[in-house]
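Notes for the structure review
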Amino acid sequence: MIDDLERKRAEVADPLEIINGPLMAGMSEVGRLFNNNELIVAEVLQSAEAMKAAVAHLEPYMEKKEGSGKGKILLATVKGDVHDIGKNLVDIILTNNGYQVVNLGIKVPPEELIKAYREHKPDAIGLSGLLVKSAQQMIVTALDLREAGVEVPLLVGGAALSDSFTRRKIAPSYESVTCYAKDAMSGLDLLNKLSDPAQYESVVAAHRAADATAEPEEAPVNESTERSTRARLDVAPLGPPYANRVIRDVPQLQEIWGYINPAMLYTHHLGFKGNFEKKLAER
């Protein structure tokens, strides 16, 4: 991989173009394959480690822009979430663009975030989370921040979030400026605009909270009593195409079992609950 990065670096002047181009495209493809059940968790984690290694290799070549007076930001992965690749990428990009970053790490509870806010007095707070439950945790965190009197701009991002969810759920809980950043570069762009008095109000207006009780408009349903021409009642439905995928006579079944991870098979794919290894040993 390092050789490939060096070849690409010889073609591209700015390492950030490599990160935001082929590397981010690769991680997007990993996410797509995982959602389609074409990759297992272990392969996703392996891809994440490769992304970390690539960013670490490119970081020394990034141009660092002087001027720490651009502002200070707190970064944290919310409580219950251990994913930090995106957050750490934001850290690198903001630091290399003149911002002072206080990275609190992963699984940061609201009370720790509030304590860090009072200690460091940042100009903005950035929250990250990959898991679906992290989106709900951001609502809780935003509410706790508001009740603690925190009013600095709040930037949120992560795979489980969207601009709509941020406006309808997180922003009403925080009641101060709340912006959704889809990636590291959009986060940088938002911070630059929020730091510019001439653009501040336009950014606030563009990210105004929506009514939390409002439901998204649904497309009108075209109701018809006509039967679809695609469905035929005179033709029996086809059976499942499994016959050609089933091997019934396996002379060396034990040999095949040696290639199977039983814990992954029973817990991940078949839904076994509990300590599989312990239960197996008790049989």
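Our subject is the structure that appears above.
Residues numbered from 1 in each chain as written. Predicted model: local features only at pLDDT ≥ 70, side-chain atom pairs only at ≥ 80, totals over all residues. Heavy atoms only, no water.

Moving on, we come to the packing of helix 5 (residues 110-120) against helix 6 (residues 132-147). Across the interface, helix 5 lies against helix 6 with an axial gap of 9 Å and an inter-helix angle of 40°. The angle between helix 5 and helix 6 falls in the class oblique. When the axes of helix 5 and helix 6 are compared, the crossing they make is right-handed. Contacts between helix 5 and helix 6 involve Pro110, Leu113 and Ile114 from the first element and Gln137, Thr141, Asp144 and Leu145 from the second. Here the residues of the contact of helix 5 with helix 6 are counted per class, giving four nonpolar, two polar and one charged. (Axes fitted to C-alpha atoms, helices over the stretch in contact; angles between N-to-C directions. Helix = DSSP H or I, 4+ residues; strand = E, 2+ residues; numbered from the N terminus. Parallel < 35°, antiparallel > 145°, perpendicular 65-115°, else oblique. Left-handed = near helix turned anticlockwise from the far one by under 90°. Contact = heavy atoms within 4.5 Å. Nonpolar A, V, L, I, M, F, W, Y, C, P; charged D, E, K, R; others polar.)

The sheet built from five strands is open, its strands ordered 2-1-3-4-5 with parallel pairing. What marks the edges here is a single partner per strand, and that holds for strand 2 (100-103) and strand 5 (178-180). Here the strands of the sheet are splayed against their neighbours by 20° on average, with no regard to which way each runs. Contacting strand 4 (154-157) and strand 5, helix 7 (residues 163-174) crosses the sheet at an angle of about 160° to strand 5. (Pairing = 2+ DSSP bridges.)

Okay, unusual backbone geometry next. Even without being glycine, lysine 107 reaches a positive phi, approximately 50°. Turning to its location among the elements, lysine 107 is positioned in the loop between strand 2 and helix 5. For lysine 107, a relative accessible area of 47% gives the class partly exposed. Residue glutamate 175 is not a glycine yet carries a positive backbone phi of 65°. By the secondary structure assignment, glutamate 175 is in the loop between helix 7 and strand 5. Looking at glutamate 175, the relative accessible area reads 59%, which means it is exposed. (Buried < 20%, exposed > 50% of the residue type's maximum accessible area, 1.4 Å probe, protein only.)

Right, let's get into the environment of glycine 26. Among the structural elements, glycine 26 can be located in helix 2 (residues 15-35). For glycine 26, a relative accessible area of 31% puts it in the partly exposed group. In the structure, glycine 26 is positioned 25 residues away from methionine 51 in sequence and 9.0 Å away in space, judged by C-alpha atoms.

With that settled, consider the side chain of aspartate 84. Within the element layout of this structure, aspartate 84 appears in the loop between strand 1 (72-77) and helix 4 (85-95). Overall, aspartate 84 belongs to the buried group, its relative accessible area being 18%. Beyond its immediate sequence surroundings of up to four residues, aspartate 84 is in contact with Lys52, Thr77 and Ile106.

Now for a nonpolar patch on the surface. A surface patch of nonpolar side chains, about 820 Å² in accessible area, is lined by Leu253, Ile256, Trp257, Tyr259, Ile260, Tyr266, Leu270 and Phe272. For the nonpolar patch, the element with the most residues is helix 10 (residues 253-257), which contributes three residues. Within the fold, isoleucine 256 resides in helix 10. (Patch = residues over 30% accessible without salt bridge, like charges linked within 9 Å, V, L, I, M, F, W, Y side chains within 5 Å. Areas by Shrake-Rupley, 256 points an atom, 1.4 Å probe, with all protein chains shown as cover. Salt bridge = Lys/Arg side-chain N within 4 Å of Asp/Glu carboxyl O.)

A separate point is the pattern of salt bridges. A side chain with one charge can pair with a side chain of the opposite charge if their charged atoms come near. A complete count under the given rule lists six salt bridges for this structure. The partner of arginine 146 in a salt bridge is glutamate 175, and the shortest N-O contact between them spans 3.3 Å. Taken as a pair, arginine 146 in helix 6 and glutamate 175 in the loop between helix 7 and strand 5 lie far apart in primary sequence, 29 residues in all. Residue class for arginine 146 comes out partly exposed when judged on its relative accessible area of 28%. For arginine 167, the salt bridge identified is with aspartate 163, shortest N-O distance 2.7 Å. Of the two residues, arginine 167 and aspartate 163 are both situated in helix 7; the distance of four residues between them amounts to about one turn of the helix.

Turning to the pairing of strand 3 (residues 124-128), a few remarks are in order. In regular strands, side chains alternate between the two faces of the sheet. Across the five residues that make up strand 3, a large majority, five, are buried. Relative to strand 3, strand 1 is paired through five bridges, and the arrangement is parallel. In the sheet register, isoleucine 73 faces strand 3, and the bridge partner there is alanine 124. Note: strand 3 against strand 4, four bridges, orientation parallel.

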